[in-house]
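Secondary and tertiary structure notes
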Amino acid sequence: MSLASTPPDIPTLPKSLAANPILSRWVNVHSDGVVDVRVGKVELGQGILTALAQLAADELDVDLAQVRMLPANTASGPDEGLTSGSMSVADSGPAVRLVAANVRALFVGEAARRWQVDAERVTVVSGRIASPQTPDTTSYAELAESVDLGIAADAGVPVKTLEQQRVTGTSAPRLDLPDKVAGRARFIHDLRLPGQLFGRVLRPPSPGARLVAVDVSRVADLDVQVVRDGSFLGVVGADEAQATRAVEILRGSTTWDERDTLPDESDLDTYLRAGPHEPIPVIEDDPGTQQHDRGLRATYSRPFIAHASMAPSCGIALWQGDGRLAVWSHSQGIHGLRNAIAQVLDLEPESVTVEHAEGAGCYGHNGADDAAFDAVLLARAVPGRPVQVQWSRADELSWSPFGSAMTADVNATVDEQGRLTSWAYDVWSQGHTARPGYAGNPGLLAATHLEAPWTYSAPTDPPAARGGGTTRNAVPIYGIPHRRITGHRLTETSIRSSALRALGAHMNVFAIESFMDELAQLVGQDPLAFRLAHLDDERGRRVLQAAARAAGWGQDTPDGVGRGIGFARYKGRGAYCAVVAEVEAEHDVRVRRLTIAVDVGRVVNPDGVRNQIEGGATQATSWTVKERVRFDRRRVTSDDWERYPILLFSEAPQIDVEIVPNPGLPSLGAGEAAQGPTTAAIANAVADAIGIRVRHLPLTADAVVAAIESEQL
Amino acid sequence: MKQRYSLSVNGAQVDVEAEPETSLLTVLRNDLDLKGARFGCGSGLCGACFVQVDGAVVPSCDTPMWSVDHKSVVTVEGLAGDDRLHPVQQALLDEQAGQCGYCLAGVLVSAAALLDTNPRPDEQAVVEALDRHLCRCGVQGRIVRAVVRAGQEPI
Ligand code: FES
Ligand code: FES
């Protein structure tokens, strides 16, 4: 089997390059030999800039140290849309390679012209340019002034073959890590622009609250300026400690009109199923009733989950004298953010510039865009002065959008030989994107609090072509003759949800893979054998078998220890990932070990892939055994690390990752592949350990007890 | 009312003016331009801001200035001094133990304090020393490996 496509007759530019074909928008060569590369993708802690630098270094034939990755910028860099969906190497990689190959060709051409030699015979090694036809050598540095990169990329310039790449495919160390280990200024929180002021926002106490009155006299003796627009209330000042204190004082001198707008957290199932919904038909075969077959049905669910990034969201804005607005943000989509700001404030998008600055780990649509817009609103009160807004921990945990709660029913039949004959699946969820620009809404939080407030429609889902949201990975990879698979997206919602790592795939894979184990048990088969019996996909089989082998599948586990497997191909067309979990489930669930195999096609940076998979699996372990956003009918209550606990060092599993090599196939992102399989593997291991199936996340001691009780009914 | 405080920070004597209740973290970041300690929660629950005060690891977000007068503060920037790296910083690089890196400065402060008292910690000792730190990127395994490794490097 080969997925390699045959080259088209007329070469075409990769998508993001076709939209931004001018070379100098991507690459600039300086006379000191440094090559600046500016991509539209942003560093989220996932190591993307290192991987793209490796690709560029190979095409240019320079050392990695010569490549400098610049922050994405709406004014001077290419627009490559969002950094999301594990698509960054796949989207940006081909563009970076072709741009760099074009740049190399232009420099080679310039050298050949000067020396009057054949361009084909000119060589480049570590940035030194030479030819067997002349004793002279030159370099990128020396030719930098004479080569014009202000021209469009030529799709016909050849890129390096696999064998010619030297840096790509190696575990080059992360370019950003030395700064972070040394504690150097690197994050947006560390930026101090000339004249910068500190802003703080006093968020409403609850999502449905409106500001009735505020007594600003209580902060009159502090050196801060109070900014109010409707229910948006904040302060700006030169002293960060005073700004923070002012917000705390204001908290006690405001009157709010609050209402109960939130669903019943103890019965999200009813909330999710009540509707109204948009139906999302994914597969519409009629499973019919398979008369003589045995059937099984089950319901699974997960709660709302928070991003819970280690840093509170942060944004900086500066209203310049000429009416132009400059913004710094750790957004995943700086172009979308720019357009949304312009939309709310009725500005020309061209008058707004957004530059990316690194934040802490980003696992989807967090508060970055909102914090940037907070800064824009506060900075409007102090033209000419940059204002940096940093959220509080409580705001970060309660106002960043959540990953939606979900619930799913599976209903399947098996024949006498133990083969699956039908599968019906329904999944209910809020939408998985409310990013700036979704469904025409700017999507910025503070805009809903303004004097003339924006009201937004319910979160939507990315289109099926981008993997969907509610129904992402809702189609099992296994061969089943009759299937009906339907998503049900709530169109009226009272909690803000948006993209969180893997979107609906986390829940869908948890449900499918838990149910595969339940079916295997029904027909008396080993869970691995049952999966393999229904799996034709060769790459998938190899990954499943690799994880099982490495984990010692089939060998006995000690008393009280259970083992379980979970597997999926992300989005049905991305990375393959199989996870074997070993858990202890005596009082609460402790995940001891995760053994993981992945196939991500061509690997740009093996250690980077491992790091992403380990991190994703550790985070998914945290979601699985601990996490649940808490709220009453009015307020989100899980607003600190005690009420929203995440995995501790002492709870982190040992993780081993095996990369199943497939260098001839396109690179597939690794960032989200482990989420669903990890959760499923842990749930299956818990069932193996205690003999009882827990179908509702998180798998806390309480959930285990509840499952035992419902089993006894 | 601002008061004058004098303390040692990473071996250098400094005088700063601050309100007594202002956090050490704010002064480090805004007055002394030391950005290594990071704000994560402001309530001592995440470890991002940890520093050593007279050798003890404390959350600088929750440490008021009045309490550090005439004390000696060490931040991640001062673990090794100058532009050198402390062995545990080097070990983190060697293990590529980081993703976003926001948690690392605080983790390093705790790890270095551990190595001061227990130069050859085993995994269990490292996990215990780091259990007040959160890492949302899920790099715990690599971090623990790196700290154990730092203890094994020849001194
Ligand atoms: S910021 Fe100090 S412990 Fe979290
Ligand atoms: S590396 Fe991101 S929080 Fe630890």
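Residues numbered from 1 in each chain as written. Chains lettered and ligands numbered in written order. Predicted model: local features only at pLDDT ≥ 70, side-chain atom pairs only at ≥ 80, totals over all residues. Heavy atoms only, no water.

Remarks on the interface of chain B and chain A
Accessible area lost upon the coming together of the parts serves often as the stated size of an interface. Where we set the bar: Contacts are assigned to residue pairs with any non-hydrogen atoms lying within 4.5 Å of each other. Buried area is calculated as the accessible area (1.4 Å probe) missing from two parts once they are joined, with the contributions of both summed. Note on definitions: salt bridges are taken to be side-chain nitrogens of Lys or Arg within 4 Å of carboxyl oxygens of Asp or Glu. Pairs of N or O atoms within 3.5 Å make up the polar contacts considered here, provided that, within protein, one atom can donate a hydrogen while the other can accept it, and that residues adjacent in sequence are counted only when both atoms are side-chain atoms. A run of DSSP states H or I qualifies as a helix once it reaches four residues; a run of E qualifies as a strand once it reaches two. Both are numbered from the N-terminal end. Each residue receives one of three labels: charged for Asp, Glu, Lys and Arg, nonpolar for Ala, Val, Leu, Ile, Met, Phe, Trp, Tyr, Cys and Pro, and polar for the others, Gly being one of them.
Taken together, the 42 residues of chain B in the interface contact 55 residues of chain A. Contact between chain B and chain A buries roughly 4,200 Å² in total, counting both sides, with carbon and sulfur atoms accounting for 55%. Across the chain B-chain A interface, the total number found is seven salt bridges. Of the charged contacts in the structure, one is a salt bridge between Arg136 of chain B and Glu627 of chain A, with a shortest N-O distance of 2.6 Å. Counting every contact that joins chain B to chain A gives 29 residue pairs in polar contact (both at pLDDT 80 or more). At the level of secondary structure, the elements contributing two or more residues to the side of chain B that touches chain A comprise helix H1 (24–31), helix H2 (87–94), helix H3 (104–117) and helix H5 (140–152) of chain B. Element by element, the count of residues in the side of chain B that touches chain A is highest for H5 of chain B, at four residues. Residues of the side of chain B that touches chain A, tallied by class, amount to 20 nonpolar, 13 polar and nine charged.

Side note on the nonpolar core
Operational definition: Joining through side-chain atoms within 4.5 Å is the link that ties buried Ala, Val, Leu, Ile, Met, Phe, Trp, Tyr and Cys residues into a set, and such a set is a nonpolar core. Each residue is assigned to one of three classes by its accessible area relative to the maximum for its type, calculated with a 1.4 Å probe on protein chains only: buried under 20%, partly exposed between the two thresholds, exposed over 50%.
Counting 84 residues, the largest nonpolar core has Trp423, Ile596 and Ile682 of chain A as the members making the most contacts within it. With nine residues, helix H11 (residues 505–522) of chain A is the single largest residue contributor to this core. Setting aside residues no more than four positions away along its own chain, Ile596 of chain A makes contact with Cys577, Ala578, Val579, Ile613, Ala617, Ile655, Asp656, Val657 and Glu658 of chain A. Ala360 and Trp641 of chain A together with Tyr102 and Ala150 of chain B belong to the second-largest nonpolar core, a separate cluster that totals 65 residues.

Section: the sheet that holds strand S12 (residues 277–284) of chain A
Residues and elements named next belong to chain A. What counts, and what does not: DSSP calls a pair of strands paired once it identifies at least 2 bridges connecting them. In this description, a line fitted to the C-alpha atoms serves as the axis of each element, helices being fitted only across the stretch in contact, and the angle between N-to-C directions of two axes falls anywhere from 0 to 180 degrees.
Within the open sheet, the five strands sit side by side as S12-S20-S19-S18-S13. Their pairing is mixed. Strand pairing shows two members of the sheet lacking a second neighbour, S12 and strand S13 (294–302), which therefore form its edges. On average, each strand axis in the sheet is tilted by 10° relative to the strand beside it, whichever way the strands run. As paired strands, strand S19 (residues 420–429) and strand S20 (residues 482–490) are joined by eight bridges and run parallel to one another. Across the sheet, residue Val427 finds its bridge partner in S20, namely Gly487. Relative to S13, H11 is tilted by about 150°, and along the sheet it contacts S13, strand S18 (406–414) and S19.

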